[in-house]
Amino acid sequence: MDYQPLLEQIAADVAPLVGGGTPAEYIPALASVDPGQFGMAVADLDGKVYGVGDWQVPFSAQSITKVFALALALAEGGDSLWERVGREPSGNPFNSLVQLEYENGVPRNPFINAGALVVTDRLQTLTGDASSELLEFLRQESGNPELGFDAEVAASEQSHGDRNAALAHFMASYGNIDNPVPTLLDHYFWQCAIEMSCADLARAARFLARHGLRADGSRLLTRSEAKQVNAVMLTCGTYDAAGEFAYRVGLPGKSGVGGGIVAVVPGVCTLAVWSPGLDPHGNSVAGVASLDRFTTLTGLSVF
Ligand code: DON
């Protein structure tokens, strides 16, 4: 299928929304990004990528990396990970502390910050260098050896990281963190600071549309694990707006406060959108609208 005319139509449809919302303000390096940018890319199962607007401009991947970290941790360490993190939507903001005490230091899911810290901790134990392993994995799957970290964003995360530090120390007090908290936080902040374009993200996520098969044809996840990661993306990938995202878009999706969203049409294609203006839940306003248009116009949703 030639997605190009469709992408151009979607870009025209959502143009009035670009610049709406607010770029993430709690990390200064993200607050200064030009909010007038918009890009969208679709990758088919063979890796052919179609794009529109700023689809080749790198931006801060932020929490989108949580999907890739989860996949790597499952691939390297198996499903014992699920003893340390749940699979239920939290109904709370991504950086909330409230449920953790009620639930004895076991985060609701791997995509809220607490859960992502557990995943990165697991990856650190399994590999000895979680953020570098993740970057290397993303380079291979995207086919872009130039992918790297944005040192300014990592430093900004670090200096505004009190809440993540609180989450990590709190979980450590329950015995749910294996590595020293400063080491874990360092890898988590570098992980959030990986820069990727829509083209890179759409290519890198293809294993989720290919039922677990990597770009080189080898298997990363079993079919069942790929289904499970997609299911957790659908129910938890956009935090306390996951119900609204499923209602509007109807696809597994994962957002980041850099304004990117990755979505998966299993067996068909992957999508990546980017526009920095966020809604109050931390999801890109024009990004959600463009995915909504995509599934409305094509009928390609899981429902
Ligand atoms: O942990 C943080 O605060 C961020 N660096 C990542 C947050 C993020 O992208 C949440 N998602 N929407």
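This structure is a prediction, so every number in the text was calculated from the model and none was measured. (Residues numbered from 1 in each chain as written. Predicted model: local features only at pLDDT ≥ 70, side-chain atom pairs only at ≥ 80, totals over all residues. Heavy atoms only, no water.)

Student: Which parts of the structure should I look at to understand the site of the ligand?
Tutor: Around the ligand, a shell composed of 15 residues is seen, among which Tyr26, Gln62, Ser63, Glu157 and Tyr188 lie nearest. Within the side chain of Tyr26, an N or O atom sits 2.7 Å from an oxygen atom of the ligand. Between Gln62 and the ligand, the recorded distance is 2.7 Å, taken from a side-chain N or O atom to a nitrogen atom. Surface burial for the ligand is 99%, taken as the share of its 340 Å² of free accessible area covered by protein chains. Within the shell around the ligand, the residues separate by chemical class into seven nonpolar, seven polar and one charged. (Near = heavy atom within 4 Å. Polar contact = N/O pair within 3.5 Å; in protein donor to acceptor, adjacent residues only side chain to side chain. Areas by Shrake-Rupley, 256 points an atom, 1.4 Å probe, with all protein chains shown as cover. Nonpolar A, V, L, I, M, F, W, Y, C, P; charged D, E, K, R; others polar.)

Student: Can you help me understand the packing of helix H3 (residues 65-77) against helix H6 (residues 130-142) in this one?
Tutor: Between two packed helices, the angle of one axis relative to the other and the distance separating the axes together describe the packing. Close contact between H3 and H6 brings their axes to 10 Å; oriented N to C, the two are set at 100°. As far as their axial angle goes, H6 and H3 are roughly perpendicular. Contacts between H3 and H6 involve Thr65, Phe68, Ala69 and Leu72 from the first element and Glu133, Leu134, Phe137 and Leu138 from the second. (Axes fitted to C-alpha atoms, helices over the stretch in contact; angles between N-to-C directions. Helix = DSSP H or I, 4+ residues; strand = E, 2+ residues; numbered from the N terminus. Parallel < 35°, antiparallel > 145°, perpendicular 65-115°, else oblique. Contact = heavy atoms within 4.5 Å.)

Student: Would you mind going over the pairing of strand E7 (residues 260-265) with me for this structure?
Tutor: A regular strand places its side chains so that they alternate between the two faces of the sheet. Of all six residues in E7, six are buried, a share of seventy percent or more. Of the strand pairs in this sheet, strand E6 (residues 253-255) and E7 are connected by three bridges, and their pairing is antiparallel. When the bridges of E7 are listed, Ser255 appears paired with Ile261. The antiparallel hairpin formed by E6 and E7 contains four residues in its connecting segment, where Gly259 sits at a positive phi of about 100°. Bridging between E7 and strand E8 (residues 269-274) involves six bridges; their strand directions are antiparallel. Considered in E8, the bridge of Ala263 is made with Leu271. Hairpin connection between E7 and E8: a loop of three residues separates the two successive antiparallel strands, and Gly267 in this loop has a positive phi of roughly 80°. (Buried < 20%, exposed > 50% of the residue type's maximum accessible area, 1.4 Å probe, protein only. Pairing = 2+ DSSP bridges.)

Student: Where do I start with the pairing of strand E2 (residues 49-53) in this structure?
Tutor: Within E2, four of the five residues are buried, leaving the element largely enclosed by the surrounding structure. The turn joining strand E1 (residues 39-44) and E2, which pair antiparallel and follow one another in sequence, is formed by four residues; a positive phi near 95° is taken by Gly47.

Student: Where do I start with the UniProt feature "binding site: substrate" (unreviewed entry) in the protein chain in this structure?
Tutor: If you check UniProt for "binding site: substrate" (unreviewed entry), the listed places come out as Ser63, Asn113, Glu157, Asn164, Tyr188, Tyr239 and Val257 in our numbering. What Asn164 contacts, discounting residues up to four positions off in sequence, is Asn113, Leu117, Leu185, Tyr188 and Phe189. Within polar-contact distance, the side chain of Asn164 engages the side chain of Asn113 at 2.9 Å. On the secondary structure map, Tyr188 appears in helix H9 (residues 181-192). (UniProt positions renumbered as here; feature names shortened; annotations may be inferred.)

Student: Any chance you could explain H9 here in plain terms?
Tutor: For an α-helix the count is 3.6 residues per turn, leaving residues at separations of three or four pointing the same way. The end-to-end C-alpha distance of H9 is 16 Å, a good match for the 16 Å that twelve residues give at a rise of 1.5 Å each. The set of residues buried in H9 consists of Val181, Leu184, Leu185, His187, Tyr188, Phe189, Gln191 and Cys192. (Expected span 1.5 Å × (residues − 1).)

Student: For this particular structure, what's the right way to read the pattern of salt bridges?
Tutor: Side chains that carry opposite charge are capable of pairing whenever their charged atoms lie near each other. For the coordinates displayed, the defined rule picks out seven salt bridges. For the salt bridge of Arg84 with Asp121, the shortest nitrogen-to-oxygen distance reads 2.7 Å. With Arg84 in the loop between H3 and helix H4 (98-102) and Asp121 in helix H5 (residues 113-127), this residue pair connects regions lying 37 residues apart in the sequence. Like Asp121, Arg84 is buried. In this structure, the salt-bridge partner of Arg108 is Glu103, at a minimum N-O distance of 2.9 Å. A cluster of three or more residues bridged by salt bridges with shared partners is formed by Arg84, Asp121 and Asp178. (Salt bridge = Lys/Arg side-chain N within 4 Å of Asp/Glu carboxyl O.)

Student: What should I look at first to understand unusual backbone geometry in this one?
Tutor: When glycine is set aside, most residues are seen to have a negative phi, and most peptide bonds are trans. Despite not being glycine, Asn104 has its phi angle at roughly 55°, a positive value. Structurally, Asn104 is set in the loop between H4 and H5.

Student: What's the story with the side chain of Lys66 in this structure? I'm lost.
Tutor: Note that Lys66 resides in helix H3. In this structure, Lys66 is buried with no salt-bridge partner, the nearest side chain bearing the opposite charge being Glu157 at 8.4 Å. A distance of 2.5 Å separates a polar atom in the side chain of Lys66 from a polar atom in the side chain of Asn113. Side chain to side chain, Lys66 and Tyr188 meet in a polar contact 3.1 Å long. Residues contacting Lys66, with those up to four places away along its chain left out, are Pro110, Phe111, Ile112, Asn113, Ala116, Tyr188, Gln191, Tyr239 and Lys254. (Lys, Arg positive; Asp, Glu negative; His and termini not counted.)

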